[in-house]
Amino acid sequence: MANETVLMKGNEVIGEAAVRAGCRYFFGYPITPQNELPAYMAKRLPEVQGVFVQAESETAAINMVYGASGAGARVMTSSSSPGISLKQEGISYLAGAELPAVIVNMMRGGPGLGTIQPSQSDYFQATKGGGHGDYNMVVLAPASVQELADLTMDAFDIADKYRNPVMVLGDGVLGQMMEPVAFKERQSAEFVKDWATTGKQGRSKPNLINSLYLDPEKSAEHNEELHAKYMTMAKNEVRYEVKNLEDAEVVLVAYGMMARITSSVMNKAREKGMKVGLIRPISVWPFPDEAFEMALPQAKAFLTVEMSKGQMVEDVRLAVNGRAPVYFYGRTGGVIPSPQEVMEQLEAVYAKVQGGEA
Amino acid sequence: MKQIFAKPQSMTDKVSHYCPGCTHGIAHRLVGETIDELGIADRTIGVASVGCSVLAYEYFDVDFQQASHGRAPAVATGIKRVHPESIVFTYQGDGDLASIGTAEAIHAAMRGENITIIFINNAIYGMTGGQMAPTTLLGQQTTTTPEGRRFEEMGAPIRMAEMLATLDGAAYVARFSLHDIPNITKAKRAIKKSFQYQLEGKGFTIVELLSTCPTNWGMSPNESLEWVQTDMMKVYPLGEFKTPEEGEKK
Amino acid sequence: MTYEILIAGFGGQGVMSMGMLLTYAGMLEGKYVSWIPSYGPEQRGGTANCAVVISDEEIGSPVVTEPTIAVIMNLPSLDKFEPTVSSGGKIFVNSSLIAKDVSRSDLLITKVPANDIAGELGADRIANMVMLGAVLAETRVVSEESIIESLKAVLPPHRHNLIPLNRDALERGKALVLAKE
């Protein structure tokens, strides 16, 4: 099914995209709402001489990923919010040992056991570290099933390019929904992994996968090197979509599923003659500050909409840096804000802008 | 001059950080000798854990991965699944394997992962300064059991070898001791067997080694070796608990 | 044109597959489509529903909060979703299982005794296809041929013998609507 369009569930699309990107190892643990993905991999990977292991816990799964990645493989794991919390230790170690891997989080509501319904409340965890230590990883937030396919494939290349974990941050709805998808033919760059532990195989020096630096000077040096790498990632891996910024007086900001809903709202507002635009961060780390520079000469206010109590809005405020008011609307608990609700919020902000209040 | 003794080829020249009288060095050497004798240095991948042996990768001249606390068997699983033809071993202490990493150890055994675990049981947390381990004996004083381990509060020592031997996925499970030459010889034989079984693809193998910690036990090296025999071995009997040929020995 | 379709009933009534067939058929006709299930514990035995969007334009929100077409297979779903249907929208009610009338007067109401007709066809499980036949005839959201093509695509080859029965069920649903006109 080369470029053929097929109808597939989001979670299964991630699996197929991973296989097509050369991923041959998957380590996972059951949790709703991402169970279709491990099930797909359990069936699909043996067909391509790959390996699927259902681990005893998310903690074990991420450490299997560490071992497999350190051994030179393209490898992936997936989970949903509570399970991603358990993986944080491993993600920190992956970052510290500079190991590439793709981690999928199909977010559900929290805190605690929360709900199995969709959410965007792991934004802080995904973009501000999550695990311990000074590290960053590229976090990609798809908004459609097609983007799940494209960004999952990209995630593997980004991971290998920088020897760093990459997260695909979706939500429960995205994983469960079906949309047409065409898997793009792509040539992945060849990555030479001469650092991998394969057994010395004639090498004079053994390879070591490690994040321990007991000497403060060496530890500092390691952190400086990592930081320089993160700055390169921040420069090269910014992705976003903008709509109607040219004359937008109010700019909606949303990512993932919320951006779809917000986009519908923007279209309806435009039909009413309102000058409304949209910024959709696709990479939520690095955050697309430059999109806000495009909007700011015209924009009189921003309205951020999330399925959380306000997480990405902090990055929006940092990007806007006091140059315009930033408003927020969010719902939690698995409740998806309806277009009608968002429209009401937008109209209120718009009225303030028109009245010169904003 | 005739050379009658040498460092195993698969070990580095690095001077170890282990305390005087600690038996980690002996365990390292036995693993090194085994790798030499089986001629597998070029395809061996070790997994270091967290604890006193955290720096094990500095002492072996083979590829290594350093794992987070308790997760070495999961890391080893990832490596072995990618390179089934390689020889993968973990080197873990009792805090790492029998406390924080119990699940990983048991499930690697349950799956019959074709890896080898070298498990150092010295009845205490060494690197963090002498806290109670799950393997600490009843009555044994540690910084967290200042009056000695009491069953009523802290339960009784965990016998990992006996537990793991009950699992169908485990191929070879043994416990030996490093407190004197005859026992070291037996321990060596068990370590070599476990690697051989892995080479033959028999499945999960583990050798538990009773070891000393003079520093945190507050004993001299000689007293420590004595205590292994007089106290530890009463709680932790030596021998093979399971072999591929005979199954579980009850 | 954008159709926002909500299909609701209880688990086992073929609610999800009705939605999937519509989605697949829409894709075959070159339209933009999306399908979202309700998911969770209520999938097992309780009410099940899915939302389908079929559009000539790129789909913004795949979440349907004010459906333009509601397909209601059991009473709890009528109670839950009748108030959400967009004014002027079309509601299809499985009158075999729902005695209650639709109370709103701003909707186009089509009553389909789906289970009774399916019974006449000798297969109660085909009630969803009877209902779908009525929906197609009334809304023309996709063609019947596209639905048959979709069936061929989603059914494994050894189940293709069921296609004539499915076609009969679609026809009976369609006939009901045409007779009304």
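What you are looking at is a predicted structure, and each value in this text was computed from that prediction instead of being measured. (Residues numbered from 1 in each chain as written. Chains lettered and ligands numbered in written order. Predicted model: local features only at pLDDT ≥ 70, side-chain atom pairs only at ≥ 80, totals over all residues. Heavy atoms only, no water.)

All right, on to the overall build of chain B then. Looking only at helices and strands, chain B has nine helices and eight strands in total. Relative to a compact globule of 250 residues, whose C-alpha radius of gyration would be 18 Å, chain B shows 17 Å and is just as compact. Expressed along its principal axes, the backbone C-alpha trace of chain B runs to roughly 50 × 50 × 30 Å. Of all 250 residues assigned to chain B, the portion counted as buried reaches 58%. Considering only intrachain contacts with a sequence separation of at least 6, the fraction spanning at least 24 residues in chain B is 67%. Working note: accessible area of chain B is about 9800 Å², and carbon and sulfur atoms make up 55% of it. Averaged over its 23 positive side-chain charges, chain B has a centre that lies 4 Å from the centre of its 28 negative ones. (Helix = DSSP H or I, 4+ residues; strand = E, 2+ residues; numbered from the N terminus. Rg over C-alpha atoms; globule rule 2.2 N^0.38 Å. Buried < 20%, exposed > 50% of the residue type's maximum accessible area, 1.4 Å probe, protein only. Contact = heavy atoms within 4.5 Å. Areas by Shrake-Rupley, 256 points an atom, 1.4 Å probe, with all protein chains shown as cover. Lys, Arg positive; Asp, Glu negative; His and termini not counted. Charge placed at Lys NZ, Arg CZ, Asp CG, Glu CD.)

Another point: the interface of chain A and chain C. Accessible area lost when the parts come together is the quantity often used to give the size of an interface. With 24 residues of chain A at the contact, the number on the chain C side is 19 residues. Summing both partners gives a buried area of about 1700 Å² for chain A against chain C, and 69% of it is carried by carbon and sulfur. At the surface where chain A touches chain C, the tally comes to zero salt bridges. Summed over the shared surface of chain A and chain C, the result is seven residue pairs in polar contact (both at pLDDT 80 or more). Secondary structure elements with two or more residues in the side of chain A that touches chain C: β1 (5-9), α7 (172-176), β8 (178-182), α9 (257-271) and α12 (339-354) of chain A. Classifying every residue of the side of chain A that touches chain C gives 13 nonpolar, eight polar and three charged. (Buried area = accessible area lost by both parts, 1.4 Å probe. Salt bridge = Lys/Arg side-chain N within 4 Å of Asp/Glu carboxyl O. Polar contact = N/O pair within 3.5 Å; in protein donor to acceptor, adjacent residues only side chain to side chain. Nonpolar A, V, L, I, M, F, W, Y, C, P; charged D, E, K, R; others polar.)

Moving on: the domain arrangement of chain A. Residues and elements named next belong to chain A. Assigned domains within chain A: domain 1 (5-236) and domain 2 (241-354). Each of domain 1 and domain 2 was reduced to a C-alpha centroid, and the two centroids are 29 Å apart. Each side of the interface is counted separately: domain 1 has 32 residues, and domain 2 has 24 residues. In total, domain 1 and domain 2 occlude about 2300 Å² of area from one another, counting both sides; carbon and sulfur atoms represent 57% of this. It is Q120, Y123 and F124 that lose the most area in domain 1 upon contact with domain 2, and together they represent 31% of the buried surface on that side. A salt bridge links R280 to E147; its shortest N-O distance comes to 2.7 Å. Between the two partners, domain 1 and domain 2, sit 13 residue pairs in polar contact (both at pLDDT 80 or more). (Domains from an automatic or database assignment.)

So, on to the sheet that holds strand β5 (residues 170-177) of chain B. Strand order in the open sheet made by the nine strands is β9(A)-β2(B)-β1(B)-β3(B)-β4(B)-β6(B)-β5(B)-β7(B)-β8(B), with mixed pairing throughout. Two strands in the sheet have a free side with no partner beyond their single neighbour: β9 (208-209) of chain A together with β8 (247-248) of chain B. Summarising the sheet, strand β7 (residues 239-243) of chain B and β8(B) pair through two bridges and their orientation is antiparallel. Along β8(B), the bridge assignment pairs T243(B) with G247(B). Against the sheet, helix α1 (residues 24-38) of chain B makes contact with β1 (44-48), β3 (87-93), β4 (116-121) and β6 (204-210) of chain B, and its axis sits at roughly 175 degrees relative to β3(B), the strand it touches most. (Pairing = 2+ DSSP bridges. Axes fitted to C-alpha atoms, helices over the stretch in contact; angles between N-to-C directions.)

As a further point, take the interface of chain B and chain A. Every contact between the two is made by 30 residues of chain B and, on the other side, 34 residues of chain A. Across the interface of chain B and chain A, roughly 2600 Å² is buried in total on both sides, 56% from carbon and sulfur atoms. The interface formed by chain B and chain A contains four salt bridges. In this structure, the salt-bridge partner of D63(B) is R203(A), at a minimum N-O distance of 2.8 Å. Our count for the contact surface shared by chain B and chain A stands at 18 residue pairs in polar contact (both at pLDDT 80 or more).

A separate point is the packing of aromatic side chains. Inspection of the entire model under this criterion finds 11 aromatic pairs over all chains. Both rings, one in Y18(B) and one in Y59(B), keep their centres 5.8 Å apart while their planes meet at 55 degrees; by these two values the pair is tilted. Note that Y18(B) is positioned in the segment before α1 and Y59(B) in the loop between β1 and β2 (63-66), a separation of 41 residues in sequence. Using a relative accessible area of 4% as the deciding quantity, one classes Y59(B) as buried. In this structure an aromatic cluster arises from ring pairing among F60(B), F64(B), F89(B) and F195(B). The ring of W195(A) is capped by R163(A), whose NZ or CZ atom sits 4.1 Å from the centre of that ring. (Phe/Tyr/Trp six-rings, centres within 6.5 Å; stacked < 30°, edge-to-face > 60°. Lys NZ or Arg CZ within 6 Å of the ring centre and 35° of its normal.)

Residue and element names in this part refer to chain C. For strand β1 (residues 2-10) and strand β3 (residues 47-55), the ladder comprises nine bridges, and the chain directions are antiparallel. In the strand pairing of β3, T2 is matched with S55. Direction of pairing for β1 relative to strand β4 (residues 69-72): parallel, over a ladder of four bridges. If you follow I7 over to β4, its bridge partner there is V71.

Residues and elements named next belong to chain C. When the terminal C-alpha atoms of helix α6 (residues 163-180) are compared, their 26 Å separation across 18 residues agrees well with the 26 Å that a helix rising 1.5 Å per residue should span. Among the residues making up α6, those that are buried are I163, N166, A169, L170, G173 and V177. The buried side chains of α6 occupy one side of the element, clustering within an arc of 130 degrees when seen end-on. Its buried side turned inward, α6 meets β6 (108-112), α4 (127-139) and α5 (144-154). (Expected span 1.5 Å × (residues − 1). Arc of directions from axis to C-beta.)

Residues separated by three or four positions in an α-helix point in the same direction, a consequence of the helix having 3.6 residues per turn. Residues and elements named next belong to chain B. When the terminal C-alpha atoms of helix α7 (residues 181-199) are compared, their 27 Å separation across 19 residues agrees well with the 27 Å that a helix rising 1.5 Å per residue should span. Restricting attention to buried positions, one finds in α7 the residues N183, I184, A187, K188, A190, I191, S194, F195, Y197 and Q198. Packed against the buried residues of α7 are α1, α2 (72-82), β3, β4, β5 and β6.

All names here are of chain B. With respect to burial, β5 is a largely interior element, eight of its eight residues being buried. As paired strands, β5 and β6 are joined by seven bridges and run parallel to one another. Each bridged residue has a counterpart across the sheet, and for A170 the counterpart in β6 is F204. Remark: the β5/α7/β6 crossover connection has right-handed handedness. Here three bridges tie β5 to β7, and the two strands are oriented antiparallel to one another. Across the sheet, the residue bridging to V173 is K242, located in β7. (Right-handed = clockwise from strand over helix to strand, strands pointing away.)

All names here are of chain C. Relative to the assigned elements, E82 resides in the loop between α2 (75-81) and β5 (90-94). Although E82 is buried, it makes no salt bridge; R104 carries the closest opposite charge, 5.3 Å away. Here E82 is in contact with S77, I91, V102, S103 and R104, once residues within four sequence places are set aside.

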